[in-house]
Amino acid sequence: MEKQFNFYFILLLIAILSDLITPFLLAFKYPGYSHLNDVISLLGADNSPVKRWEGLNLIFVGALFIVFALGQKAFFSNMGCLHYCYFIGILAFGLGCVFAGIFPADARGIGETFSGKVHGITSGIGFMLLLLCPLWAVFIGEFKSNSIPNIILFILSLSTFVLFVISENIDTGVLRYTGLYQRLNLLVMYLCLLMNFMYMLRPAE
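Per chain, residue numbering runs from 1 following the sequence as it is written. Owing to the predicted nature of the model, reporting of local features is limited to residues with pLDDT of at least 70; listing and counting of side-chain atom pairs is limited to 80 or more, with chain, interface and lining totals taken over all residues. Computation of side-chain values covers all heavy atoms of the structure but excludes hydrogens and water.

**Student:** Go over the pattern of salt bridges with me, naming the residues and quoting the values.
**Tutor:** By salt bridge we mean one thing: a side-chain nitrogen of Lys or Arg within 4 Å of a carboxyl oxygen of Asp or Glu. Counted by the stated rule, this structure contains two salt bridges. Between aspartate 46 and lysine 51 there is a salt bridge; the shortest N-O distance is 2.9 Å. Type-normalised accessible area, obtained with a 1.4 Å probe on protein chains alone, sets the label of each residue: buried when under 20%, exposed when over 50%, and partly exposed for intermediate values. Judged by its relative accessible area of 46%, aspartate 46 is partly exposed. Note on lysine 51: relative accessible area 32%, which makes it partly exposed. Salt-bridge contacts for lysine 117 lead to glutamate 112; the nearest nitrogen and oxygen are separated by 4.0 Å. For lysine 117, a relative accessible area of 43% translates into the label partly exposed.

**Student:** Describe the packing of helix α2 (residues 51-75) against helix α3 (residues 81-102), with residues and values.
**Tutor:** Every axis in this analysis is a line fitted to C-alpha atoms, fitted for helices over the stretch in contact. Angles between the N-to-C directions lie between 0 and 180 degrees. Helix and strand definitions follow DSSP, with helices as H or I runs of at least four residues and strands as E runs of at least two, each counted in order from the N terminus. Close contact between α2 and α3 brings their axes to 7 Å; oriented N to C, the two are set at 165°. One finds that α2 runs roughly antiparallel with respect to α3. Seen along the crossing, α2 lies across α3 with a hand that is left-handed. Here the nonpolar group is Ala, Val, Leu, Ile, Met, Phe, Trp, Tyr, Cys and Pro; Asp, Glu, Lys and Arg are the charged ones; every other residue, Gly included, is treated as polar. In the contact of α2 with α3, the residues fall into 20 nonpolar, five polar and one charged. Roughly parallel covers angles under 35 degrees, roughly antiparallel covers those over 145, roughly perpendicular covers 65 to 115, and oblique covers all other angles. Crossing handedness is read from the near helix: turned anticlockwise from the far helix by less than a right angle, it gives a left-handed crossing, and turned clockwise, a right-handed one.

**Student:** Any details on the layout of surface pockets? Residues and values, ideally.
**Tutor:** Computed from the structure, the largest pocket encloses a volume of approximately 1000 Å³. A cavity, in this analysis, means grid points on a 1 Å lattice covering only the protein atoms where a 1.4 Å probe fits yet has no way out; a pocket is instead an open set bounded by protein on both sides within 12 Å along at least five of seven lines, and a residue lines either one if it has an atom within 4 Å of a point. Together, 40 residues line the largest pocket, and Val39, Ser41, His119, Phe164 and Glu168 are the ones closest to its centre. Contributing elements (two or more residues each) for the lining of the largest pocket: α3, α4 (114-131), α6 (147-166) and α7 (178-199). Sorting elements by how many residues they give to the lining of the largest pocket places α4 first, with nine residues. Broken down by class, the residue content of the lining of the largest pocket amounts to 18 nonpolar, 13 polar and nine charged. Grid points are joined across faces, edges and corners, and a volume is the space filled by probe spheres set on the points.

**Student:** Hey, could you go over the environment of glycine 62 for me, with residue numbers and the actual values?
**Tutor:** The residue glycine 62 is located in helix α2 in this model. Assessed through its relative accessible area of 0%, glycine 62 is described here as buried. For this analysis, residues touch if any pair of their heavy atoms sits within 4.5 Å. Residues contacting glycine 62, with those up to four places away along its chain left out, are Gly94, Cys97 and Val98.

**Student:** Go over the packing of aromatic side chains, please, and point to the residues and values.
**Tutor:** Ring pairs are drawn from Phe, Tyr and Trp, using the six-membered ring of Trp, whenever the two centres fall within 6.5 Å, and their geometry is named by plane angle: stacked under 30 degrees, edge-to-face over 60, tilted for the rest. For the structure on display, the rule yields 20 aromatic pairs. Measuring from centroid to centroid gives 5.7 Å for phenylalanine 93 and phenylalanine 127, while their planes differ by 70°, and the two rings are edge-to-face. Taken together, the residues span a long stretch of sequence, with phenylalanine 93 in helix α3 and phenylalanine 127 in helix α4 at a distance of 34 residues. The pair formed by phenylalanine 93 and phenylalanine 127 is uniform in burial state, with each residue classed as buried. The interplanar angle of 80° and the centroid separation of 6.1 Å between the aromatic rings of phenylalanine 103 and phenylalanine 114 together place this pair among those described as edge-to-face.

Written out as structure tokens, the structure is:
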């Protein structure tokens, strides 16, 4: 069991690091790109000089999350409704990453395209379902002693997601930092997955 746990934990860690670090590195090849103001998807847009690499990275990250979702499901002792909600949240996020990699976001200043619409819908659904995972975790038996941290993470994930969404059309003040809020939202959601999965390896009470 511990070997299987280590395998899925490493997959999760690689997915998280790749999703956070790769865009940071690719931005060096994108003149004018701002981590504070610009969303990650902009790196994969049609006019981006690193479009191909960000697209491949998203597909890679998404595939790892899909495999991890199956591993998380296997570690649940009894699958109830909330277990499936937690599993589907991770799975939907992984699928959203894959679709976002295949269908680039629209470049700034152009009308909405089919590719941009698919990108926005699939990644948006993935984000929304994943941010609910800490809420479901509060009521899942395997995480019962982790309730308070999950409540805090749910509040943070919801807050950062709301800031991310409302800041997309604002260019002044603290709400102009769309890229920052997106990254903070990802960090909180990833912390939830790491914390809860590591918690499952604790000694039986």
